[in-house]
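Results of the structural survey
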Amino acid sequence: MMSTVAPIPEDGERAARSADAPGGRRRWQFRLAAVLLGMLPLLAFEGLCRVCDWGRPALHDDPFVGFQSVRPLFVLSDDGMQYEVPKFRQVYFCAESFPARKPANAYRIFCLGGSTVQGRPFAIETSFTSWLEISLRAAQPEINWDVVNCGGVSYASYRLLPIMQEVLACEPDLIILCTGHNEFLESRTFEHLAARGEVVNRAIAVASRLRTFTLIREQYLRARGQSSDAPREGRPLLPTEVDALLDYRNGLEDYRRDETWRNGVIGQFQYNLAALVRTAQEAGVPILVVNPVSNLRDCPPFKSLHRDDLTAQEQAEWEALCSEADRHLDREHLDRPAAIDCLEQACRIDPQYAATFYRLGHCYLEAHRNDEALQMFERARDLDICPLRILPPMNAAIFEVARDTGTPLFDAQALFESHSRDGIVGDQWLLDHVHPSIDGHQLLADALADKLVEMRTVSPAPDWPEVRQARYQENLESLP
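Residues numbered from 1 in each chain as written. Predicted model: local features only at pLDDT ≥ 70, side-chain atom pairs only at ≥ 80, totals over all residues. Heavy atoms only, no water.

1. Regarding the overall build of the chain
Tallying secondary structure elements over the chain gives 17 helices and 10 strands in all. Of all intrachain contacts in the chain linking residues separated by at least 6 positions in sequence, the fraction that spans at least 24 positions is 75%. (Helix = DSSP H or I, 4+ residues; strand = E, 2+ residues; numbered from the N terminus. Contact = heavy atoms within 4.5 Å.)

Listed below in C-alpha coordinates is the structure:
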(Lines give C-alpha, C1' and ligand atoms only; values in the text may rest on other atoms or scores of the structure.)
Protein backbone atom coordinates (compact mmCIF):
# COMPACT_ATOMS: atom_id res chain seq x y z
CA MET A 1 0.00 0.00 0.00
CA MET A 2 1.36 3.40 -0.94
CA SER A 3 1.48 5.88 1.95
CA THR A 4 0.49 9.50 1.45
CA VAL A 5 2.56 12.27 3.00
CA ALA A 6 0.67 15.45 3.84
CA PRO A 7 2.19 18.54 2.21
CA ILE A 8 4.04 20.93 4.46
CA PRO A 9 1.92 24.08 4.86
CA GLU A 10 3.28 27.44 3.82
CA ASP A 11 4.07 29.97 6.55
CA GLY A 12 0.87 31.96 5.98
CA GLU A 13 -1.25 28.82 5.94
CA ARG A 14 0.44 27.55 9.12
CA ALA A 15 -0.23 30.89 10.87
CA ALA A 16 -3.87 30.85 9.77
CA ARG A 17 -4.36 27.32 11.11
CA SER A 18 -2.68 28.30 14.36
CA ALA A 19 -4.96 31.32 14.74
CA ASP A 20 -8.05 29.24 13.93
CA ALA A 21 -7.16 26.60 16.51
CA PRO A 22 -8.78 26.97 19.95
CA GLY A 23 -5.43 27.66 21.57
CA GLY A 24 -4.54 30.22 18.89
CA ARG A 25 -7.84 32.05 19.29
CA ARG A 26 -7.35 32.21 23.04
CA ARG A 27 -3.90 33.72 22.60
CA TRP A 28 -5.22 36.45 20.26
CA GLN A 29 -8.12 37.16 22.59
CA PHE A 30 -5.71 37.43 25.50
CA ARG A 31 -3.50 39.86 23.57
CA LEU A 32 -6.48 41.98 22.55
CA ALA A 33 -7.76 42.04 26.12
CA ALA A 34 -4.29 43.07 27.35
CA VAL A 35 -4.19 45.97 24.86
CA LEU A 36 -7.67 47.14 25.85
CA LEU A 37 -6.83 46.80 29.55
CA GLY A 38 -3.72 48.90 29.03
CA MET A 39 -5.80 51.60 27.30
CA LEU A 40 -8.43 51.74 30.05
CA PRO A 41 -6.56 54.34 32.15
CA LEU A 42 -6.17 56.58 29.08
CA LEU A 43 -9.84 56.21 28.13
CA ALA A 44 -10.93 56.82 31.72
CA PHE A 45 -8.77 59.95 31.96
CA GLU A 46 -10.07 61.21 28.61
CA GLY A 47 -13.62 60.75 29.88
CA LEU A 48 -12.78 62.60 33.10
CA CYS A 49 -11.28 65.47 31.07
CA ARG A 50 -14.50 65.81 29.10
CA VAL A 51 -16.70 65.67 32.21
CA CYS A 52 -14.57 68.27 33.99
CA ASP A 53 -13.98 70.27 30.77
CA TRP A 54 -10.20 70.01 31.05
CA GLY A 55 -7.94 70.36 28.04
CA ARG A 56 -10.51 71.75 25.65
CA PRO A 57 -8.91 72.37 22.23
CA ALA A 58 -8.50 76.12 21.80
CA LEU A 59 -7.91 78.53 18.96
CA HIS A 60 -4.19 77.81 18.81
CA ASP A 61 -4.95 74.19 17.92
CA ASP A 62 -5.69 75.14 14.30
CA PRO A 63 -2.64 73.80 12.43
CA PHE A 64 -3.21 76.00 9.38
CA VAL A 65 -3.38 79.61 10.56
CA GLY A 66 -3.42 81.79 13.64
CA PHE A 67 -4.54 85.35 14.29
CA GLN A 68 -2.62 88.35 15.56
CA SER A 69 -5.50 88.85 17.99
CA VAL A 70 -9.10 87.75 18.42
CA ARG A 71 -11.79 90.25 19.35
CA PRO A 72 -15.28 89.28 20.56
CA LEU A 73 -18.16 89.60 18.12
CA PHE A 74 -20.63 90.46 20.89
CA VAL A 75 -20.11 92.66 23.95
CA LEU A 76 -22.43 93.51 26.81
CA SER A 77 -24.38 96.76 26.32
CA ASP A 78 -23.90 99.67 28.70
CA ASP A 79 -27.11 98.84 30.57
CA GLY A 80 -26.14 95.17 30.76
CA MET A 81 -29.43 94.07 29.19
CA GLN A 82 -28.17 92.63 25.92
CA TYR A 83 -25.19 91.47 23.92
CA GLU A 84 -24.55 93.48 20.77
CA VAL A 85 -22.06 93.79 17.94
CA PRO A 86 -19.75 96.68 18.91
CA LYS A 87 -19.00 99.54 16.55
CA PHE A 88 -15.46 98.33 15.89
CA ARG A 89 -16.82 95.07 14.44
CA GLN A 90 -19.47 96.69 12.25
CA VAL A 91 -17.10 97.14 9.30
CA TYR A 92 -17.63 93.46 8.52
CA PHE A 93 -20.78 92.70 10.54
CA CYS A 94 -24.16 94.40 10.77
CA ALA A 95 -25.62 95.68 14.02
CA GLU A 96 -27.19 92.71 15.80
CA SER A 97 -28.10 91.89 19.39
CA PHE A 98 -29.82 89.41 21.68
CA PRO A 99 -30.90 89.49 25.37
CA ALA A 100 -28.13 88.93 27.90
CA ARG A 101 -30.51 86.87 30.02
CA LYS A 102 -32.24 84.25 27.95
CA PRO A 103 -36.03 84.21 28.52
CA ALA A 104 -37.53 80.98 29.78
CA ASN A 105 -39.60 80.42 26.62
CA ALA A 106 -36.85 81.41 24.16
CA TYR A 107 -35.33 79.29 21.40
CA ARG A 108 -32.05 80.86 20.29
CA ILE A 109 -30.50 80.13 16.88
CA PHE A 110 -27.11 81.48 15.80
CA CYS A 111 -26.40 81.59 12.03
CA LEU A 112 -22.70 81.63 11.14
CA GLY A 113 -21.23 82.36 7.73
CA GLY A 114 -20.17 85.07 5.31
CA SER A 115 -21.92 87.89 3.50
CA THR A 116 -24.54 85.54 2.05
CA VAL A 117 -25.71 84.91 5.62
CA GLN A 118 -25.56 88.61 6.42
CA GLY A 119 -27.85 89.46 3.50
CA ARG A 120 -25.55 91.51 1.29
CA PRO A 121 -25.89 93.66 -0.72
CA PHE A 122 -28.84 94.61 1.50
CA ALA A 123 -28.89 93.96 5.24
CA ILE A 124 -29.94 91.55 7.97
CA GLU A 125 -33.56 92.68 7.59
CA THR A 126 -33.80 90.89 4.22
CA SER A 127 -31.49 87.96 5.01
CA PHE A 128 -32.91 84.47 5.33
CA THR A 129 -32.20 84.73 9.07
CA SER A 130 -34.87 87.44 9.47
CA TRP A 131 -37.37 85.60 7.26
CA LEU A 132 -36.68 82.41 9.23
CA GLU A 133 -37.40 84.16 12.51
CA ILE A 134 -40.65 85.60 11.11
CA SER A 135 -41.60 82.18 9.77
CA LEU A 136 -40.94 80.40 13.06
CA ARG A 137 -42.91 82.99 15.03
CA ALA A 138 -45.82 82.49 12.65
CA ALA A 139 -45.53 78.73 13.05
CA GLN A 140 -45.35 78.60 16.84
CA PRO A 141 -46.08 82.03 18.37
CA GLU A 142 -45.95 80.76 21.96
CA ILE A 143 -42.16 80.33 21.63
CA ASN A 144 -39.87 83.36 21.65
CA TRP A 145 -37.82 82.54 18.55
CA ASP A 146 -34.57 84.50 18.29
CA VAL A 147 -32.44 84.01 15.15
CA VAL A 148 -29.12 85.81 15.56
CA ASN A 149 -27.22 86.77 12.40
CA CYS A 150 -23.44 86.23 12.67
CA GLY A 151 -22.64 86.68 8.98
CA GLY A 152 -19.39 88.53 8.31
CA VAL A 153 -18.37 90.07 5.00
CA SER A 154 -15.55 88.01 3.43
CA TYR A 155 -15.42 85.72 6.48
CA ALA A 156 -14.08 82.26 5.67
CA SER A 157 -14.46 79.09 7.71
CA TYR A 158 -11.22 79.61 9.65
CA ARG A 159 -12.50 82.99 10.90
CA LEU A 160 -15.73 81.37 12.09
CA LEU A 161 -13.98 79.10 14.60
CA PRO A 162 -13.51 81.87 17.22
CA ILE A 163 -17.12 82.99 16.69
CA MET A 164 -18.35 79.43 17.15
CA GLN A 165 -16.53 79.16 20.48
CA GLU A 166 -17.94 82.52 21.54
CA VAL A 167 -21.60 81.86 20.76
CA LEU A 168 -21.52 78.40 22.34
CA ALA A 169 -21.22 80.24 25.67
CA CYS A 170 -24.44 82.18 24.92
CA GLU A 171 -26.99 79.40 25.51
CA PRO A 172 -27.72 78.50 21.89
CA ASP A 173 -30.39 75.95 21.06
CA LEU A 174 -29.22 75.51 17.46
CA ILE A 175 -26.32 76.57 15.22
CA ILE A 176 -26.87 77.01 11.46
CA LEU A 177 -23.59 76.97 9.55
CA CYS A 178 -23.35 78.17 5.94
CA THR A 179 -19.80 78.66 4.70
CA GLY A 180 -17.52 77.86 1.75
CA HIS A 181 -17.48 80.81 -0.67
CA ASN A 182 -14.76 82.97 0.94
CA GLU A 183 -11.93 80.49 1.38
CA PHE A 184 -9.71 81.95 -1.36
CA LEU A 185 -10.00 85.63 -0.44
CA GLU A 186 -6.97 85.92 1.85
CA SER A 187 -3.36 85.09 1.10
CA ARG A 188 -1.73 82.40 3.25
CA THR A 189 0.82 79.64 2.83
CA PHE A 190 0.95 75.95 3.74
CA GLU A 191 4.67 75.19 3.54
CA HIS A 192 4.87 74.44 7.28
CA LEU A 193 2.41 71.57 6.80
CA ALA A 194 4.02 70.21 3.66
CA ALA A 195 7.38 70.02 5.44
CA ARG A 196 5.95 67.73 8.13
CA GLY A 197 4.48 65.22 5.69
CA GLU A 198 0.97 63.87 5.28
CA VAL A 199 1.37 60.98 7.75
CA VAL A 200 2.52 63.25 10.59
CA ASN A 201 -0.19 65.81 9.80
CA ARG A 202 -2.90 63.15 9.92
CA ALA A 203 -1.57 61.72 13.17
CA ILE A 204 -1.49 65.16 14.81
CA ALA A 205 -4.99 65.93 13.50
CA VAL A 206 -6.34 62.76 15.13
CA ALA A 207 -4.42 63.23 18.39
CA SER A 208 -5.45 66.89 18.72
CA ARG A 209 -9.05 65.79 19.18
CA LEU A 210 -8.07 64.17 22.49
CA ARG A 211 -8.13 66.38 25.56
CA THR A 212 -5.41 64.20 27.06
CA PHE A 213 -3.16 65.21 24.16
CA THR A 214 -3.97 68.89 24.78
CA LEU A 215 -3.07 68.63 28.47
CA ILE A 216 0.18 66.76 27.76
CA ARG A 217 1.17 69.32 25.16
CA GLU A 218 0.42 72.21 27.54
CA GLN A 219 2.62 70.64 30.23
CA TYR A 220 5.38 70.07 27.69
CA LEU A 221 5.27 73.71 26.56
CA ARG A 222 5.31 74.96 30.15
CA ALA A 223 8.32 72.81 30.90
CA ARG A 224 10.08 74.55 28.01
CA GLY A 225 8.99 77.98 29.27
CA GLN A 226 6.52 78.52 26.40
CA SER A 227 2.91 79.64 26.55
CA SER A 228 0.29 77.16 25.37
CA ASP A 229 -1.58 80.10 23.85
CA ALA A 230 1.35 81.02 21.63
CA PRO A 231 0.89 80.28 17.92
CA ARG A 232 2.49 77.13 16.64
CA GLU A 233 5.93 77.60 15.20
CA GLY A 234 5.89 78.26 11.47
CA ARG A 235 2.15 78.79 11.29
CA PRO A 236 1.17 81.98 9.40
CA LEU A 237 -0.56 84.67 11.45
CA LEU A 238 -3.48 86.50 9.84
CA PRO A 239 -4.59 90.03 10.74
CA THR A 240 -7.34 90.45 13.31
CA GLU A 241 -9.79 91.36 10.52
CA VAL A 242 -10.10 90.22 6.92
CA ASP A 243 -7.31 91.28 4.58
CA ALA A 244 -8.78 90.28 1.22
CA LEU A 245 -6.56 90.32 -1.84
CA LEU A 246 -9.32 91.88 -3.91
CA ASP A 247 -9.50 94.88 -1.57
CA TYR A 248 -6.22 96.11 -3.06
CA ARG A 249 -5.73 97.84 -6.39
CA ASN A 250 -4.94 95.24 -9.03
CA GLY A 251 -5.68 92.55 -6.46
CA LEU A 252 -6.97 90.26 -9.19
CA GLU A 253 -3.44 90.08 -10.60
CA ASP A 254 -2.28 88.30 -7.43
CA TYR A 255 -4.32 85.25 -8.39
CA ARG A 256 -2.28 82.73 -10.36
CA ARG A 257 -2.75 79.10 -11.31
CA ASP A 258 -1.32 77.34 -8.26
CA GLU A 259 -2.59 73.82 -7.60
CA THR A 260 -0.53 73.47 -4.43
CA TRP A 261 -2.12 76.54 -2.91
CA ARG A 262 -5.59 75.55 -4.11
CA ASN A 263 -5.26 72.10 -2.58
CA GLY A 264 -4.03 73.65 0.66
CA VAL A 265 -7.06 75.92 0.84
CA ILE A 266 -9.40 72.99 0.17
CA GLY A 267 -7.68 70.93 2.86
CA GLN A 268 -7.96 73.77 5.33
CA PHE A 269 -11.67 74.10 4.63
CA GLN A 270 -12.18 70.37 5.21
CA TYR A 271 -10.37 70.65 8.54
CA ASN A 272 -12.24 73.78 9.61
CA LEU A 273 -15.65 72.36 8.74
CA ALA A 274 -15.03 69.22 10.78
CA ALA A 275 -13.69 71.34 13.65
CA LEU A 276 -16.75 73.62 13.62
CA VAL A 277 -19.16 70.69 13.71
CA ARG A 278 -17.13 68.83 16.34
CA THR A 279 -16.93 71.93 18.55
CA ALA A 280 -20.71 72.33 18.55
CA GLN A 281 -21.31 68.64 19.16
CA GLU A 282 -18.85 68.50 22.06
CA ALA A 283 -20.76 71.40 23.62
CA GLY A 284 -24.00 69.44 23.20
CA VAL A 285 -25.52 72.02 20.84
CA PRO A 286 -27.36 70.81 17.69
CA ILE A 287 -25.92 72.10 14.42
CA LEU A 288 -27.41 72.26 10.93
CA VAL A 289 -24.94 72.50 8.03
CA VAL A 290 -25.96 74.22 4.78
CA ASN A 291 -24.45 73.38 1.39
CA PRO A 292 -24.35 76.91 -0.10
CA VAL A 293 -25.73 77.95 -3.47
CA SER A 294 -23.75 79.60 -6.28
CA ASN A 295 -24.56 81.11 -9.65
CA LEU A 296 -23.45 79.02 -12.62
CA ARG A 297 -25.65 80.26 -15.42
CA ASP A 298 -25.16 84.03 -15.21
CA CYS A 299 -21.75 84.46 -13.61
CA PRO A 300 -18.73 84.28 -15.91
CA PRO A 301 -15.34 83.30 -14.44
CA PHE A 302 -13.62 86.14 -12.61
CA LYS A 303 -10.24 85.37 -14.16
CA SER A 304 -9.14 83.06 -16.98
CA LEU A 305 -5.59 82.09 -17.91
CA HIS A 306 -4.25 80.09 -20.83
CA ARG A 307 -2.48 76.83 -20.11
CA ASP A 308 1.16 77.34 -19.28
CA ASP A 309 2.54 75.41 -22.25
CA LEU A 310 0.34 77.02 -24.91
CA THR A 311 2.48 77.85 -27.94
CA ALA A 312 2.18 81.06 -29.95
CA GLN A 313 0.76 79.14 -32.89
CA GLU A 314 -1.85 77.42 -30.70
CA GLN A 315 -2.86 80.75 -29.19
CA ALA A 316 -3.26 82.23 -32.65
CA GLU A 317 -5.49 79.30 -33.65
CA TRP A 318 -7.48 79.67 -30.42
CA GLU A 319 -8.01 83.40 -31.02
CA ALA A 320 -9.07 82.79 -34.62
CA LEU A 321 -11.65 80.20 -33.54
CA CYS A 322 -13.07 82.52 -30.87
CA SER A 323 -13.33 85.36 -33.39
CA GLU A 324 -15.04 83.05 -35.85
CA ALA A 325 -17.49 82.00 -33.14
CA ASP A 326 -18.28 85.67 -32.54
CA ARG A 327 -19.13 86.09 -36.24
CA HIS A 328 -21.41 83.04 -36.17
CA LEU A 329 -23.21 84.43 -33.12
CA ASP A 330 -23.84 87.80 -34.74
CA ARG A 331 -27.59 88.35 -34.98
CA GLU A 332 -27.50 89.08 -38.69
CA HIS A 333 -25.49 85.93 -39.46
CA LEU A 334 -26.59 83.64 -36.63
CA ASP A 335 -25.25 80.11 -37.04
CA ARG A 336 -25.21 78.59 -33.56
CA PRO A 337 -24.05 75.08 -34.59
CA ALA A 338 -21.04 76.59 -36.36
CA ALA A 339 -20.28 78.74 -33.29
CA ILE A 340 -20.49 75.66 -31.06
CA ASP A 341 -18.07 73.83 -33.34
CA CYS A 342 -15.59 76.71 -33.15
CA LEU A 343 -15.78 76.96 -29.37
CA GLU A 344 -15.43 73.19 -28.96
CA GLN A 345 -12.26 73.32 -31.02
CA ALA A 346 -10.98 76.25 -28.96
CA CYS A 347 -11.63 74.30 -25.73
CA ARG A 348 -9.67 71.36 -27.08
CA ILE A 349 -6.71 73.62 -27.92
CA ASP A 350 -6.75 75.15 -24.43
CA PRO A 351 -8.69 73.06 -21.92
CA GLN A 352 -7.74 75.42 -19.07
CA TYR A 353 -9.15 78.75 -20.24
CA ALA A 354 -12.32 79.12 -18.16
CA ALA A 355 -14.15 81.81 -20.16
CA THR A 356 -14.31 79.68 -23.32
CA PHE A 357 -16.20 76.95 -21.48
CA TYR A 358 -18.61 79.53 -20.09
CA ARG A 359 -19.35 80.84 -23.61
CA LEU A 360 -19.79 77.31 -24.90
CA GLY A 361 -22.20 76.60 -22.05
CA HIS A 362 -24.46 79.44 -23.14
CA CYS A 363 -24.37 78.22 -26.72
CA TYR A 364 -25.40 74.76 -25.55
CA LEU A 365 -28.16 76.32 -23.47
CA GLU A 366 -29.52 78.23 -26.47
CA ALA A 367 -29.45 74.98 -28.42
CA HIS A 368 -31.45 73.28 -25.62
CA ARG A 369 -28.55 70.98 -24.79
CA ASN A 370 -29.04 71.64 -21.08
CA ASP A 371 -27.01 68.79 -19.62
CA GLU A 372 -23.98 69.75 -21.69
CA ALA A 373 -24.52 73.41 -20.77
CA LEU A 374 -24.43 72.57 -17.07
CA GLN A 375 -21.20 70.63 -17.54
CA MET A 376 -19.58 73.61 -19.28
CA PHE A 377 -20.73 76.07 -16.60
CA GLU A 378 -19.33 73.78 -13.92
CA ARG A 379 -16.08 73.45 -15.84
CA ALA A 380 -15.82 77.24 -16.12
CA ARG A 381 -16.32 77.60 -12.35
CA ASP A 382 -13.73 74.93 -11.58
CA LEU A 383 -11.12 76.56 -13.86
CA ASP A 384 -11.69 80.06 -12.48
CA ILE A 385 -8.29 81.38 -11.36
CA CYS A 386 -10.04 83.57 -8.79
CA PRO A 387 -12.49 81.10 -7.17
CA LEU A 388 -15.11 83.14 -5.34
CA ARG A 389 -17.61 80.26 -5.45
CA ILE A 390 -17.36 77.08 -3.43
CA LEU A 391 -15.57 74.29 -5.33
CA PRO A 392 -16.79 70.69 -5.74
CA PRO A 393 -14.25 69.12 -3.32
CA MET A 394 -15.54 71.52 -0.66
CA ASN A 395 -19.16 70.62 -1.41
CA ALA A 396 -18.13 67.00 -1.07
CA ALA A 397 -16.51 67.77 2.29
CA ILE A 398 -19.79 69.24 3.56
CA PHE A 399 -21.69 66.08 2.66
CA GLU A 400 -18.93 63.86 4.05
CA VAL A 401 -18.68 65.66 7.40
CA ALA A 402 -22.45 65.70 7.77
CA ARG A 403 -22.62 61.97 7.05
CA ASP A 404 -19.70 60.99 9.27
CA THR A 405 -20.86 63.07 12.25
CA GLY A 406 -24.60 62.46 11.91
CA THR A 407 -25.19 66.18 11.36
CA PRO A 408 -28.40 67.36 9.65
CA LEU A 409 -27.65 68.80 6.21
CA PHE A 410 -29.60 71.23 4.08
CA ASP A 411 -28.69 71.41 0.38
CA ALA A 412 -29.34 74.99 -0.73
CA GLN A 413 -27.80 74.33 -4.15
CA ALA A 414 -30.32 71.56 -4.83
CA LEU A 415 -33.14 73.78 -3.57
CA PHE A 416 -32.33 76.61 -5.98
CA GLU A 417 -31.71 74.19 -8.85
CA SER A 418 -35.21 72.77 -8.37
CA HIS A 419 -36.67 76.28 -8.70
CA SER A 420 -34.47 77.47 -11.60
CA ARG A 421 -34.95 77.51 -15.35
CA ASP A 422 -33.48 74.38 -16.93
CA GLY A 423 -32.31 73.31 -13.45
CA ILE A 424 -29.32 75.68 -13.65
CA VAL A 425 -29.02 78.39 -10.99
CA GLY A 426 -28.71 81.92 -12.36
CA ASP A 427 -29.93 85.47 -11.85
CA GLN A 428 -33.50 84.30 -11.37
CA TRP A 429 -32.64 83.89 -7.67
CA LEU A 430 -29.12 85.29 -7.23
CA LEU A 431 -27.98 88.89 -7.64
CA ASP A 432 -24.39 87.99 -8.47
CA HIS A 433 -22.11 84.99 -8.06
CA VAL A 434 -23.38 83.90 -4.63
CA HIS A 435 -25.72 86.44 -3.02
CA PRO A 436 -29.46 85.61 -3.19
CA SER A 437 -32.08 88.19 -4.01
CA ILE A 438 -34.72 89.03 -1.40
CA ASP A 439 -36.99 86.43 -2.99
CA GLY A 440 -34.07 84.00 -2.86
CA HIS A 441 -33.59 84.61 0.85
CA GLN A 442 -37.31 84.00 1.42
CA LEU A 443 -37.12 80.77 -0.57
CA LEU A 444 -34.17 79.65 1.56
CA ALA A 445 -35.90 80.61 4.81
CA ASP A 446 -39.06 78.68 3.89
CA ALA A 447 -37.05 75.56 3.09
CA LEU A 448 -34.99 75.86 6.28
CA ALA A 449 -38.18 76.20 8.31
CA ASP A 450 -39.48 73.03 6.66
CA LYS A 451 -36.20 71.35 7.58
CA LEU A 452 -36.69 72.36 11.22
CA VAL A 453 -40.18 70.87 11.10
CA GLU A 454 -38.61 67.68 9.75
CA MET A 455 -36.11 67.79 12.63
CA ARG A 456 -39.04 68.23 15.05
CA THR A 457 -37.63 71.51 16.25
CA VAL A 458 -40.90 73.29 15.44
CA SER A 459 -44.53 72.15 15.39
CA PRO A 460 -46.37 74.60 13.10
CA ALA A 461 -49.98 75.70 13.46
CA PRO A 462 -52.41 74.71 10.65
CA ASP A 463 -52.59 78.26 9.25
CA TRP A 464 -48.81 78.68 9.20
CA PRO A 465 -48.32 79.34 5.43
CA GLU A 466 -50.99 82.06 5.31
CA VAL A 467 -49.81 83.79 8.47
CA ARG A 468 -46.19 83.59 7.36
CA GLN A 469 -46.91 85.22 4.02
CA ALA A 470 -48.80 88.05 5.69
CA ARG A 471 -45.91 88.64 8.11
CA TYR A 472 -43.44 88.63 5.22
CA GLN A 473 -45.43 91.36 3.50
CA GLU A 474 -45.60 93.40 6.70
CA ASN A 475 -41.83 93.16 7.10
CA LEU A 476 -41.19 94.24 3.50
CA GLU A 477 -43.51 97.24 3.82
CA SER A 478 -41.74 98.32 7.01
CA LEU A 479 -38.35 98.56 5.34
CA PRO A 480 -36.93 101.83 3.94
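Right, picking up where we left off after that structure.
2. Comments concerning the packing of aromatic side chains
Evaluated as defined, the whole model comprises 12 aromatic pairs. On the basis of an interplanar angle of 75° and a centroid distance of 5.0 Å, the ring pair of Phe74 and Phe98 is categorised as edge-to-face. One end of the pair, Phe74, is in the loop between strand 1 (66-67) and strand 2 (75-76); the other, Phe98, is in strand 4 (residues 97-99), and 24 residues separate them in sequence. The burial state of Phe74 is the same as that of Phe98; both residues are buried. Aromatic rings pair up to connect Phe74, Tyr83, Phe98 and Phe110 into one cluster. One cation-aromatic arrangement involves Arg262 over Phe184; the distance from NZ or CZ to the ring centre is 6.0 Å. Across the ring face of Trp464, the terminal group of Arg468 is positioned such that the distance to the ring centre comes to 4.5 Å. (Phe/Tyr/Trp six-rings, centres within 6.5 Å; stacked < 30°, edge-to-face > 60°. Buried < 20%, exposed > 50% of the residue type's maximum accessible area, 1.4 Å probe, protein only. Lys NZ or Arg CZ within 6 Å of the ring centre and 35° of its normal.)

3. With respect to the sheet that holds strand 9 (residues 287-291)
Read from one edge to the other, the open sheet built from 5 strands follows the order 6-5-7-9-10, with strand pairing classed as parallel. Lying at the two open borders of the sheet, with one neighbouring strand each, are strand 6 (144-151) and strand 10 (409-411). Averaged over all adjacent pairs, the angle separating strand axes in this sheet is 20°, with direction ignored. Strands strand 5 (106-113), strand 6 and strand 7 (174-178) of the sheet are contacted by helix 4 (residues 128-139), whose axis makes an angle of about 170° with strand 6. Here helix 14 (residues 392-405) sits on the sheet in contact with strand 9 and strand 10, set at roughly 155° to strand 9. (Pairing = 2+ DSSP bridges. Axes fitted to C-alpha atoms, helices over the stretch in contact; angles between N-to-C directions.)

4. Some remarks on helix 10 (residues 312-328)
Look at helix 10: 24 Å from first C-alpha to last across 17 residues, which is about the 24 Å you get at 1.5 Å a residue. The complete set of buried residues in helix 10 reads Trp318, Leu321, Cys322, Ala325 and His328. Buried residues of helix 10 fall within an arc of 120° about the axis and therefore sit on the same side. Relative to its buried face, helix 10 has exposed residues pointing more than 90 degrees away, namely Ala312, Gln313 and Arg327. On the buried face of helix 10, the contacting elements are helix 11 (336-349) and helix 12 (354-366). (Expected span 1.5 Å × (residues − 1). Arc of directions from axis to C-beta.)

5. What to know about the sheet that holds strand 3 (residues 82-84)
Hydrogen bonds between backbone atoms are what pair the strands of a sheet, whose relative direction is either parallel or antiparallel. Here we have 3 strands laid out as an open sheet, ordered 2-3-4, and antiparallel in their pairing. At either margin of the open sheet sits one strand with a lone partner, and together these are strand 2 and strand 4. Sheet topology places strand 3 next to strand 4; 3 bridges connect them, and they run antiparallel. Bridge pairing in strand 4 links Glu84 to Ser97.

6. Points about empty space enclosed by the protein
Left-over empty space is what a probe sized like a water molecule reveals as it rolls over the atoms. Counted under the stated rule, the structure contains 1 cavity of 30 Å³ or more. Its boundaries defined by the atoms lining it, the largest cavity holds a volume of some 70 Å³. Along its surface, the largest cavity is lined by Thr116, Phe128, Cys178, His181, Val290, Pro292, Val293, Ala412, Val434, Pro436, His441 and Leu444. Across the lining of the largest cavity, the residue classes tally to 9 nonpolar, 3 polar and no charged. (1 Å grid on protein atoms, 1.4 Å probe; cavity = no way out; pocket = protein on both sides within 12 Å on 5 of 7 lines; lining within 4 Å. Points joined across faces, edges and corners; volume = space filled by probe spheres on them. Nonpolar A, V, L, I, M, F, W, Y, C, P; charged D, E, K, R; others polar.)

7. Re a positive patch on the surface
A cluster of basic residues, Arg25, Arg26, Arg27 and Arg31, forms a positive patch at the surface. Within the element layout of this structure, Arg25 appears in helix 2 (residues 22-52). Take Arg25: its relative accessible area is 43%, and that puts it in the partly exposed class. (Patch = residues over 30% accessible without salt bridge, like charges linked within 9 Å, V, L, I, M, F, W, Y side chains within 5 Å. Areas by Shrake-Rupley, 256 points an atom, 1.4 Å probe, with all protein chains shown as cover. Salt bridge = Lys/Arg side-chain N within 4 Å of Asp/Glu carboxyl O. Lys, Arg positive; Asp, Glu negative; His and termini not counted. Charge placed at Lys NZ, Arg CZ, Asp CG, Glu CD.)

8. A word on the side chain of Asn291
Its place among the elements puts Asn291 in strand 9. Here Asn395 takes part through its side chain, which lies 2.7 Å from a polar atom of the side chain of Asn291. Apart from residues no more than four positions distant in its own chain, Asn291 is found in contact with Asn395, Ile398, Phe399, Leu409, Phe410, Asp411, Ala412 and Gln413. (Polar contact = N/O pair within 3.5 Å; in protein donor to acceptor, adjacent residues only side chain to side chain.)

9. Some points on helix 13 (residues 370-383)
Spanning 14 residues, helix 13 covers 20 Å between terminal C-alpha atoms, matching the ideal 20 Å at 1.5 Å per step. Listed in full, the buried residues belonging to helix 13 are Ala373, Met376, Phe377, Ala380, Arg381 and Leu383. On its buried face, helix 13 is in contact with helix 12 and helix 14.

10. Points about a nonpolar patch on the surface
On the surface, a nonpolar cluster with roughly 480 Å² of combined accessible area is contributed by Val35, Leu37, Met39, Leu40 and Leu43. Within the fold, Met39 resides in helix 2. Overall, the relative accessible area of 36% leaves Met39 in the partly exposed class.

11. A look at the pattern of salt bridges
The full count for this structure, using the stated rule, is 18 salt bridges. Note that Arg257 and Asp308 form a salt bridge whose closest N and O atoms lie 3.5 Å from each other. Remark: Asp308 occurs in the loop between strand 9 and helix 10 and Arg257 occurs in the loop between strand 8 (237-238) and helix 9 (259-282); sequence separation between them is 51 residues. Taking the relative accessible area as the measure of exposure, Arg257 reaches 24% and is therefore partly exposed. Measuring nitrogen to oxygen at the nearest pair gives 3.6 Å for the salt bridge that ties Arg468 to Asp446. Linking Arg468 in helix 17 (residues 464-478) with Asp446 in helix 16 (residues 438-454), this pair joins segments that are 22 residues apart in sequence. When its relative accessible area of 11% is taken as the criterion, Arg468 is described as buried. The network of salt bridges with shared partners includes Arg71, Arg89 and Glu241.

So far we have only geometry, and geometry alone does not tell us how the molecule works.
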